[in-house]
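Descriptive analysis of the structure
Below are the chains, spelled out letter by letter.
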Amino acid sequence: MKFKFLLLAAAFAAPIAIVAPAHADGGVFVGVNQGNIAVGGYDTVSYFQGNGVPMKGSSRFTVKHDGAEWHFSSQANAEKFKENPDAYAPQYGGHCAWAMSRGSLAPGDPNVYKLVDGKLYLNVNKQVQQMWFKDIPGFIAKANAAWAKIPDGKRFGD
């Protein structure tokens, strides 16, 4: 049991250290990479379409939002996002939903996700996601409360 805890702690320590802010003007972290591209370049609208499998976006279809660059697989998806970014952006600014339920900031993996009640939730990895699956409503309630307490400037993972 102690080994599992240490392993989990180590899994969170490294990702938190590499989290970078989307921008410095107080906006919400959106899971950007070194190029300031949100959600690993995935088209967040694509999670909500067809079979729900996310598609990689293209720099040809870019939207600037919350200080980051969001890529989409089509101009139509970019337009949908522009009309209502909150409907398509991941919860907790792209941070891991399970970690946020613990009051921690850890980057979400765009390939480890779940749609719940029309919202996109990311997890840091599949192991953590399996824990999150055990009580999704409970973890969402805890994460919502924790996210509300984090000042915008600290949502970056600083």
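Refer to the preceding data block for the structure.
Now for a quick tour of the structure. Think of each chain on its own: its residues are numbered from 1, step by step along the sequence as written. Note on the predicted model: pLDDT of at least 70 is required for a residue's local features to be given, and 80 or more for side-chain atom pairs to be given and counted; whole-chain, interface and lining totals, by contrast, use all residues. Where side-chain values are given, they derive from all heavy atoms of the structure, hydrogens and water being excluded.

Going along the chain from the N terminus, every DSSP run of H or I of four or more residues is numbered as a helix, and every run of E of two or more is numbered as a strand. Secondary-structure assignment places Ala 38 in the loop between helix H1 (2-18) and strand S1 (42-43). The spatial distance from the C-alpha of Ala 38 to the C-alpha of Lys 64 is 9.5 Å, given a sequence separation of 26 residues.

Moving on: helix H5 (residues 126-133). Each turn of an α-helix holds 3.6 residues, which means side chains three or four residues apart point in the same direction. Every buried residue of H5 is listed here: Val 128, Gln 129 and Trp 132. Down the axis of H5, the smallest arc covering the buried residues is 100°, so these residues share one side. Projecting away from the buried face of H5 at angles above 90 degrees are the exposed residues Lys 126 and Gln 127. Measuring from the side-chain oxygen of the N-cap residue of H5 to the backbone nitrogen of Gln 127 gives 3.1 Å; that N-cap residue is Asn 125. Exposure classes here rest on a 1.4 Å probe applied to the protein chains alone. A residue is buried below 20% of its type maximum, exposed above 50%, and partly exposed in between. Relevant arc is that of directions from the helix axis to the C-beta atoms, nothing else. Polar contact is the term for a pair of N or O atoms within 3.5 Å; when the atoms are in protein, one must be able to donate a hydrogen and the other to accept it, and sequence-neighboring residues count only if both atoms are side-chain atoms.

Moving on, we come to helix H6 (residues 136-149). The end-to-end C-alpha separation of H6 is 20 Å, in line with the 20 Å expected for 14 residues at 1.5 Å each. Considered for burial, the residues of H6 that qualify are Ile 136, Gly 138, Phe 139, Ile 140, Ala 143, Ala 146 and Trp 147. Lining the buried residues of H6 we find helix H4 (97-101), strand S5 (109-116), strand S6 (119-123) and H5. The N-cap of H6, judged by a side-chain oxygen 3.1 Å from the amide nitrogen of Gly 138 a few residues on, is Asp 135. One less than the number of residues in a helix, times 1.5 Å, gives the span that helix is expected to have. Contacts were defined at the residue level, with two residues in contact if any of their heavy atoms lie within 4.5 Å.

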